[in-house]
Each structure stands twice: as C-alpha cells, then as structure tokens.
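Results of the structural survey
This is what each chain is made of:
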Amino acid sequence: MPSTRRDLLSGAAALGTTGLAGCAALGEDREPDLSGDWPQVGRDAANANHAPHATLPAAVSVAWRHRVGGWPYVQPVVAEGTVYAAGDHGVFALAAADGAPRWPEPIDLRPSGGLALTDGAVLVPHDPPTRTDDPPALVALDRATGTELWRVDLEARGFAPSVADGGAYLRTDAAALAVDLGGDAAGPERVRWRRSLEPLRYDEYNAVGDDMTTLIAPAIDADCVYLPDDGTLLALDRASGEPRWREPLEAAMASPVADEAGVVATGIGGTVALTPHGERRWRIDRGSWTSAAAAPGSIYVADSSLTAHDAADGSRRWTADGGTGIQVSQPAVVGDAVAIAGSEVLAHRRGDLGRFTDRELLAIRADGAHLAAHGGLAVGGGRLLVVDGIAGAVVAYEPA
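Note that the coordinates shown come from a computational prediction; the quantities given were computed from them, not determined experimentally. (Residues numbered from 1 in each chain as written. Predicted model: local features only at pLDDT ≥ 70, side-chain atom pairs only at ≥ 80, totals over all residues. Heavy atoms only, no water.)

**A word on a negative patch on the surface**
- The grouping of Asp133, Asp134, Asp153 and Glu155 at the surface amounts to a negative patch.
- Here aspartate 133 falls in the exposed class, since its relative accessible area comes to 79%. (Patch = residues over 30% accessible without salt bridge, like charges linked within 9 Å, V, L, I, M, F, W, Y side chains within 5 Å. Areas by Shrake-Rupley, 256 points an atom, 1.4 Å probe, with all protein chains shown as cover. Salt bridge = Lys/Arg side-chain N within 4 Å of Asp/Glu carboxyl O. Lys, Arg positive; Asp, Glu negative; His and termini not counted. Charge placed at Lys NZ, Arg CZ, Asp CG, Glu CD. Buried < 20%, exposed > 50% of the residue type's maximum accessible area, 1.4 Å probe, protein only.)

**As for unusual backbone geometry**
- In this structure, arginine 43 is a non-glycine residue whose phi angle is positive, near 70 degrees.
- Position of arginine 43 among the secondary structure elements: in the loop between α1 (24-27) and β2 (50-51).
- Non-glycine residue aspartate 165 carries a positive phi angle of around 50 degrees.
- Along the polypeptide, aspartate 165 turns up in the loop between β11 (162-164) and β12 (167-171). (Helix = DSSP H or I, 4+ residues; strand = E, 2+ residues; numbered from the N terminus.)

**Some points on the side chain of serine 291**
- Counting through the fold element by element, serine 291 comes out in strand β23 (residues 291-295).
- When its relative accessible area of 0% is taken as the criterion, serine 291 is described as buried.
- In this structure the side chain of serine 291 is engaged in a polar contact, spanning 2.8 Å, whose partner is the backbone oxygen of serine 329. (Polar contact = N/O pair within 3.5 Å; in protein donor to acceptor, adjacent residues only side chain to side chain.)

**Description of the confidence of the model for the protein**
- Confidence in the prediction of the protein, expressed as mean pLDDT, is 86, and 86% of residues score 70 or more.
- Note on residues 1-27: pLDDT is under 50 here. Beyond four places in sequence and across chains, it has 92 contacts. (pLDDT = per-residue confidence, 0-100. Contact = heavy atoms within 4.5 Å.)

**Quick word on the pairing of strand β29 (residues 345-349)**
- Most of β29 sits inside the fold, with five of its five residues counted as buried.
- A two-sided burial pattern is seen for β29, the buried positions comprising Val345, Ala347 and Arg349 on one face and Leu346 and His348 on the other.
- The sheet contact formed by strand β28 (residues 337-341) and β29 spans five bridges and is antiparallel. The residue of β29 that forms the bridge with isoleucine 340 is leucine 346.
- Between β28 and β29, which follow one another and run antiparallel, lie three residues. (Pairing = 2+ DSSP bridges.)

**Brief notes about the packing of aromatic side chains**
- By the definition in use, this model includes four aromatic pairs.
- Ring centres 6.4 Å apart and planes at 50 degrees place the aromatic pair tyrosine 169 and tryptophan 193 in the tilted group. Note that tyrosine 169 is positioned in strand β12 and tryptophan 193 in strand β14 (residues 191-196), a separation of 24 residues in sequence.
- On the accessibility criterion, tryptophan 193 (6% relative accessible area) is buried.
- Consider the rings of tyrosine 300 and tryptophan 318, whose centres lie 6.1 Å apart with planes at 45 degrees: the pair is tilted. Residue tyrosine 300 is located in strand β24 (residues 298-302), and its partner tryptophan 318 is located in strand β26 (residues 316-321); the two are separated by 18 residues in the primary sequence. In this pair, the class of tyrosine 300 matches that of tryptophan 318, namely buried. (Phe/Tyr/Trp six-rings, centres within 6.5 Å; stacked < 30°, edge-to-face > 60°.)

What follows is the structure, given as structure tokens:
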C-alpha cells in the first residue's frame with residue numbers, strides 16, 4: 001500500500017532528496033494547477049510534451065509513493081483521476097489523489113516501453129521473460145478493471161505507442177507498425193501496416209538499447225509518422241507505412257517532436273528541424289545526447305543544459321541548468337515553465353526574464369544517479385508524477 005506522507009522534501013523523504021529549492025520571487029504570484037490528463041509518452045500524438053493549461057508550483061511535498069518495481073522505468077500516465085504505472089512488478093492503476101489501488105491486483109505484464117491510454121484501455125508493450133514461449137506483444141487492458149481486452153504480437157520488443165484517431169503507432173526492435181484500436185477484431189487483424197526496420201543500436205556510444213528506448217514514441221501529424229531508424233529520422237506515410245523520406249541524424253535515439261511547421265528530432269549529432277516534406281528548416285550540431293519538447297514558437301532541448309530555441313530559425317533564446325546525467329526523457333513544458341528529469345528534477349521559467357535573472361522555479365535534488373532520467377515526468381490529476389528509479393517507485397507530488 002502507498003504511504004500518504006505530506007512531508008516537505010528533505011533528507012530521504014522522496015527520491016533520496018537532499019534538498020528542495022524554489023524561487024520565491026518568481027513563484028509567489030503563481031497559482032499552481034496540476035489538473036488535467038497526461039495520457040501517453042509525449043502527452044499527445046505530436047510528442048510535444050506540452051501541458052499548456054497546467055502551472056507548476058514553486059515548491060512541492062510528497063503526496064504519496066507506490067512501488068512498481070525496477071527496470072524498466074516507465075513514465076506514468078494519468079487520466080480522469082487515475083494514474084497508470086508499470087515496472088517489473090506489473091502494471092498498476094492508482095488513485096491520483098492518494099495512490100490507492102484501483103485494481104484488486106497489479107496485472108502480471110512486463111513492460112518494455114511507455115504506456116498509452118485510449119478511451120477505454122491502457123496499452124502496454126509487453127516483453128515476456130525469455131524462459132517463456134510467448135512473443136512480445138502490445139496488450140490492451142480495460143482501464144476500469146485491468147482485464148485483458150486484446151493483444152497484438154509484435155515479434156520483437158516494443159517501445160512506447162502513440163495514439164491518434166483510433167490507431168496506435170509504435171516502433172519495435174525490428175519494425176514500425178500501426179494498430180487499429182476500434183472494433184472487436186482479433187489481434188492479427190488489427191494490424192493496419194507493418195514496416196521492417198533495423199534495431200537501434202549505438203555501441204560506439206556505450207548506449208544500451210534497453211536503457212534508451214522505453215520512452216521512444218513516434219511523432220504523428222496529419223500525414224506522417226516520424227521515428228528514429230539506424231542513424232536517421234524516418235518519415236512514414238501514416239495511412240500505408242510507406243517511407244516518404246529520411247534525414248541523416250547520428251545516434252537518433254529519442255522521440256521526435258511534431259511542431260507547427262513540421263518535425264524536430266535530436267541525436268548525438270545535433271538537433272534538426274524539417275518540414276513535413278523533409279526539407280530542412282534548420283540544424284544545430286552538438287556533441288551530446290539530447291531530447292526535445294515543443295510549445296508554440298519554441299523548441300526546448302535538454303542535455304547537460306536546457307536550451308530554448310526559436311522554432312522558426314533555431315536561434316538560441318536562453319540556456320539554463322540541465323542538472324546531471326543523460327537526458328533520456330523529454331523536457332516537459334508545463335504552462336509557463338519547462339521541467340527536466342534526470343538525476344534531479346529541475347523546472348525553469350520560460351519567459352523573457354532578463355539576462356541576469358535566475359530562471360529556476362523548482363528543484364527536486366537527489367542523491368545517486370539517473371533517478372528519473374528513464375521515466376520522465378507527467379502532470380495530471382492534481383499531481384506531479386516522477387519515477388524514482390533507485391527505489392522502483394512512482395512518487396506523486398502536490399503543491400506545498
């Protein structure tokens with residue numbers, strides 16, 4: 001059972017924290033609002049990771065925590081007051097208010113990627129233990145009861161699905177595919193298309209595939225599905241799965257982001273923005289692992305720092321502290337702030353604050369490495385949700 005502690009973050013109260021900082025000058029006039037939903041990795045099919053109507057507080061306390069098990073650290077999703085979380089102890093449905101279980105027992109599935117919510121189901125990429133004969137699958141569970149509704153065999157370990165207009169789109173170790181979410185069709189009959197791809201492996205960067213791929217979800221616009229593939233950004237026709245174009249991008253191993261003018265993708269080789277037709281808008285070369293998020297007019301790129309770029313030309317607007325560790329998960333744009341989750345959670349104000357103004361709004365600092373880096377964060381149901389990778393738990397924060 002989860003605890004219901006309301007302690008301010010200090011000592012080892014949450015995430016092994018050693019301190020919490022908020023900037024009163026920037027936060028005292030703000031009214032926190034953590035309501036709303038976060039139904040999939042990237043929050044929406046565009047992977048923008050943007051919650052425009054939410055507002056982060058300048059300080060938080062622990063509302064509850066719940067153990068879900070260790071690796072993989074899967075980003076929680078939340079809708080209609082229920083948090084869905086997963087780890088090697090299974091898949092859980094928890095009340096956003098207090099962490100109380102909504103299902104009698106966790107569902108015995110082993111997640112290999114982030115979860116996604118549809119109107120009535122939670123989608124779980126499932127990677128069975130190697131000692132079984134079951135193939136990897138995308139499994140749909142009833143959101144209310146946890147009962148299995150259907151499954152589609154994936155043939156290889158699946159990453160996070162993106163849901164759009166009655167379909168789920170996802171990448172696996174060996175393919176990209178589109179799955180029909182409606183009707184009563186049997187599993188194989190739900191597959192709209194499947195496109196073979198090469199595995200994402202970048203051994204020269206000491207990148208372990210399992211460590212880097214659980215949060216990779218395709219970005220989707222009206223015509224295309226965008227995803228990383230073997231050192232490139234690949235655009236597939238949304239209706240047929242046929243390749244439209246590729247853009248070279250070294251070690252592209254993060255979720256691309258569809259923005260107002262096309263798509264933005266990141267890799268060790270840099271950050272590139274393209275039109276839906278594959279024409280380059282701008283490119284920034286950099287020598288570190290990056291991930292991105294988008295808000296109207298802006299692109300936010302995280303590595304060892306957090307940088308705001310103009311979406312039109314890529315010019316830098318500001319740079320702030322990115323914390324420590326590789327930024328595997330995307331930055332989260334929450335109202336007037338943008339947050340990143342690495343070995344600590346940092347949130348910075350987005351606006352034009354003047355050259356010498358400290359942007360830091362909120363910090364949840366922790367001992368150890370990569371506490372939240374592979375789980376990301378989500379906002380919804382009145383809570384800021386973060387994965388504590390060392391404890392194998394989901395931690396829910398509320399405004400202090």
